[in-house]
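Fold and contact review
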Amino acid sequence: MALSEKETREQICEAGRRLWMKGWVASNDGNISMKLDDEIFITTPTGISKGFMTPDMLVKVDINGNVRDGYMKPSSEVKIHIEAYKRRNDIGGVVPAHPPICTGYAVANIPLNFRTLPEIIISLGRIPLAEYGTPSTSELSDSISELILCHDALLLANHGAMTVGKDVMEAYYNMERVEMFANISFVAQNLGGMKPISEPDVKKLEDLREEFGIKIGGSACMNCGTCTGTESCEMSTEPEHEEIIEEITRKIIKELDNQ
């Protein structure tokens, strides 16, 4: 069931509070949005800490970037939100932020494309690196234009990370996944190096995901040109698939332990 405008505003404020509490946005950094319908979305204002927003501060913007309602100015990064909504009609929420570990990978220009954790292979697939674009300009939105067709999580070179979902809380939870994966990857690298899951075992994960009916890719990315023969078009799953993801992960880990 679609959320009301009141509920949408409250959800954005809750996501902002969580980002701030985790230290993933500093000062007035970060920006969040969620669609009301195909033409209108609600977004965070500029110059306000994400930990101290109130619903009335949020701004209503149309798909062309015009302010429709609100007494504050929208974030200057609104272009990247518009690009995501225009490129995929299944996206309902967008969360760009600066979690320290995954932002470290972005600054180092290292994509999180490691095939090491079953949970990430199942829920997000590869997390690519978008080319650098100047903040607040169309360069940044252009940098995610093709990648967003096939991915629900991106690193933004020398900038941070961006996640999407069917609503803003799903996008926020995807950001949690990205930062967790970055943290684990960083620790593993400092413990002697990551040990990737073999391609046959990755294929088992993908086969099980298909068997359980979890959608991989979609019509939007079939002809995007960003996918190769070695990389699946993997989009994140709906919340109702969380139990299935956990079950698949348990099966794979058990099978790997028995080898």
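See the structure printed just above.
The present account deals with the structure reproduced in this document. (Residues numbered from 1 in each chain as written. Predicted model: local features only at pLDDT ≥ 70, side-chain atom pairs only at ≥ 80, totals over all residues. Heavy atoms only, no water.)

**Regarding the overall build of the chain**
Rules: Think of it this way: any DSSP run of H or I at least four residues long counts as a helix, any run of E at least two long counts as a strand, and we number them from the N terminus. For the exposure calls, accessible area comes from a 1.4 Å probe over protein chains only, and a residue counts as buried if that area is under 20% of its type's maximum, exposed if over 50%, partly exposed in between. In this analysis, two residues are considered to be in contact whenever any of their non-hydrogen atoms come within 4.5 Å of each other. To be clear on the numbers: accessible area is Shrake-Rupley with a 1.4 Å probe, and residue cover counts the displayed protein chains and nothing else.
If you tally the helices and strands in the chain, you get eight helices and eight strands. Per-residue burial for the chain yields a buried fraction of 52% across its 259 residues. In the chain, once contacts between residues fewer than 6 apart in sequence are set aside, the share between residues at least 24 apart is 67%. For the chain, the exposed surface amounts to about 12,000 Å²; the carbon and sulfur share of it is 52%.

**Focus: the nonpolar core**
Counted only if it meets this: Put simply, buried Ala, Val, Leu, Ile, Met, Phe, Trp, Tyr and Cys residues joined by side-chain atoms within 4.5 Å make one nonpolar core.
Formed by 36 residues in total, the largest nonpolar core has its most connected members in Ile12, Leu19, Leu112, Ile127, Leu155, Val168 and Val178. Among the elements that take part in this core, helix 6 (residues 168-190) stands out by supplying eight residues, more than any other. Apart from the residues lying within four places of it in its own chain, the contact partners of Ile12 are Ile32, Ser33, Met34, Ile42, Thr44, Met53, Leu58 and Val168.

**Examining a nonpolar patch on the surface**
Rules: Like-charged residues are merged into a patch within 9 Å and nonpolar side chains (Val, Leu, Ile, Met, Phe, Trp, Tyr) within 5 Å, provided each residue has over 30% relative accessible area and no salt bridge. Only one rule defines a salt bridge in this text: a Lys or Arg side-chain nitrogen within 4 Å of an Asp or Glu carboxyl oxygen.
A cluster of nonpolar residues, Trp20, Met21 and Phe52, forms a patch on the protein surface that exposes about 350 Å² of accessible area. With respect to the helices and strands, Met21 occurs in helix 1 (residues 5-21). Residue Met21 is classed as exposed on the basis of its relative accessible area, which comes to 56%.

**Some details on the packing of aromatic side chains**
Basically, it comes down to this: Aromatic rings from Phe, Tyr and Trp, with only the six-membered ring used for Trp, were paired whenever their centres fell within 6.5 Å, and each pair was classed as stacked if the ring planes differed by under 30 degrees, edge-to-face if by over 60, and tilted otherwise.
This structure, assessed with the given rule, holds six aromatic pairs. A centroid spacing of 4.8 Å and a plane angle of 70° characterise the contact between Trp20 and Phe52, whose relative ring orientation is edge-to-face. Residue Trp20 is found in helix 1, and its partner Phe52 is found in the loop between strand 2 (40-43) and strand 3 (59-62); the two are separated by 32 residues along the sequence. Phe52 sits in the exposed class, given a relative accessible area of 54%. With 5.2 Å between their ring centres and 45° between their planes, Phe41 and Tyr85 make a pair best called tilted.

**Some remarks on the pairing of strand 3**
Keep this limit in mind: When DSSP locates at least two bridges between a pair of strands, those strands are taken to pair.
Side-chain alternation along strand 3 places Val59 and Val61 on one buried face and Lys60 and Asp62 on a second face that is also buried. Of the pairings in the sheet, the one linking strand 2 to strand 3 comprises four bridges and is antiparallel in character. Within the sheet, the bridge partner assigned to Ile42 lies in strand 3 and is Lys60. In this structure, strand 3 lies alongside strand 4 (residues 67-69), joined through two bridges in antiparallel fashion.

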